[in-house]
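Read off the chains here:
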Amino acid sequence: MGELLSFSLVAFSALFFVIDPIGLAPIFVTMTAGYSKEKRIQTAKKACLVFVGILTFFVVGGGVIFQLLGVSLAAFKIAGGILLLLTALDMLRSKQSDTRTSGEEIGEATQKEDVAVVPLAMPLLAGPGAIATVMVLSARAPNAWYLIPVLGSVLANAAATFLILRAANVVDRWLGISGRAILERIMGLLLAAIAVQFVVTGVREAFPEVFPAADEAALAAPAQGTG
């Protein structure tokens, strides 16, 4: 039970840091400038529903995609970890990550009548980083029961994102530029740690003869003894 809870917390936090709905709030405000309150809420709701659909597909069908492409789980963990690390580095520099979208795409979106699906749902929410995260988490699941927390994290993040986007104006004004920068750097640091762990796990699985599986209890013993 403890392992399942720990996995659930990692799944939710990793996906939340990648999506970064707080940092997305000012972008959402810009893209929906001139919208009525009702249309803005509908846009946020539609984007979050599409986000759930896309990520659920990759959670459930990720294993099949690996088999069709002939890609090992270890290789995807390494690639996904590197992608998340790049996103984390951009967050630490309080910079909009190019792995999610570019300034040109955001500028083009302001001219669209409906931005819910593109670029809000994809790639701002369900972008390469989010897709890689849920696929890596699914790959780490020791059995099918562990896919439930991954799906739960998708739903929980969709709900949290909807609430934040619904109050995007308030969030943006309340935090300000400095507040957003501080939060993004904190989340970037935590995401970097998760990304490095993904890479380490992938490398160990890719080269088991070089990095034999370590006994977690044995690794934890020295750390407990130093106190």
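Use the structure listed above.
Residues numbered from 1 in each chain as written. Predicted model: local features only at pLDDT ≥ 70, side-chain atom pairs only at ≥ 80, totals over all residues. Heavy atoms only, no water.

A. Expanded view of the packing of helix H3 (residues 37-69) against helix H8 (residues 147-166). Running from amino to carboxyl end, H3 crosses H8 at an angle of 165°, the nearest separation of the two axes being 9 Å. Relative to H8, H3 is oriented roughly antiparallel. Viewed along their axes, H3 and H8 form a crossing whose handedness is right-handed. In this structure, H3 uses Ile41, Ala44, Lys45, Cys48, Phe51, Val52, Leu55, Thr56 and Val59 to contact H8, whose residues at the interface are Leu147, Val150, Leu151, Val154, Leu155, Ala158, Thr161, Phe162, Leu165 and Arg166. Tallied by class, the residues present in the contact of H3 with H8 amount to 15 nonpolar, two polar and two charged. (Axes fitted to C-alpha atoms, helices over the stretch in contact; angles between N-to-C directions. Helix = DSSP H or I, 4+ residues; strand = E, 2+ residues; numbered from the N terminus. Parallel < 35°, antiparallel > 145°, perpendicular 65-115°, else oblique. Left-handed = near helix turned anticlockwise from the far one by under 90°. Contact = heavy atoms within 4.5 Å. Nonpolar A, V, L, I, M, F, W, Y, C, P; charged D, E, K, R; others polar.)

B. Layout of the pattern of salt bridges. Under the defined criterion, the tally for this structure stands at two salt bridges. One salt bridge connects Lys77 with Glu205, and the closest N-O pair in it is separated by 2.7 Å. With Lys77 in helix H4 (residues 73-92) and Glu205 in helix H9 (residues 168-206), this pair connects stretches of sequence that are 128 residues apart. When its relative accessible area of 40% is taken as the criterion, Glu205 is described as partly exposed. In this structure, Asp90 engages Arg93 in a salt bridge whose closest nitrogen and oxygen atoms are separated by 2.5 Å. Judged by its relative accessible area of 8%, Asp90 falls in the buried class. (Salt bridge = Lys/Arg side-chain N within 4 Å of Asp/Glu carboxyl O. Buried < 20%, exposed > 50% of the residue type's maximum accessible area, 1.4 Å probe, protein only.)

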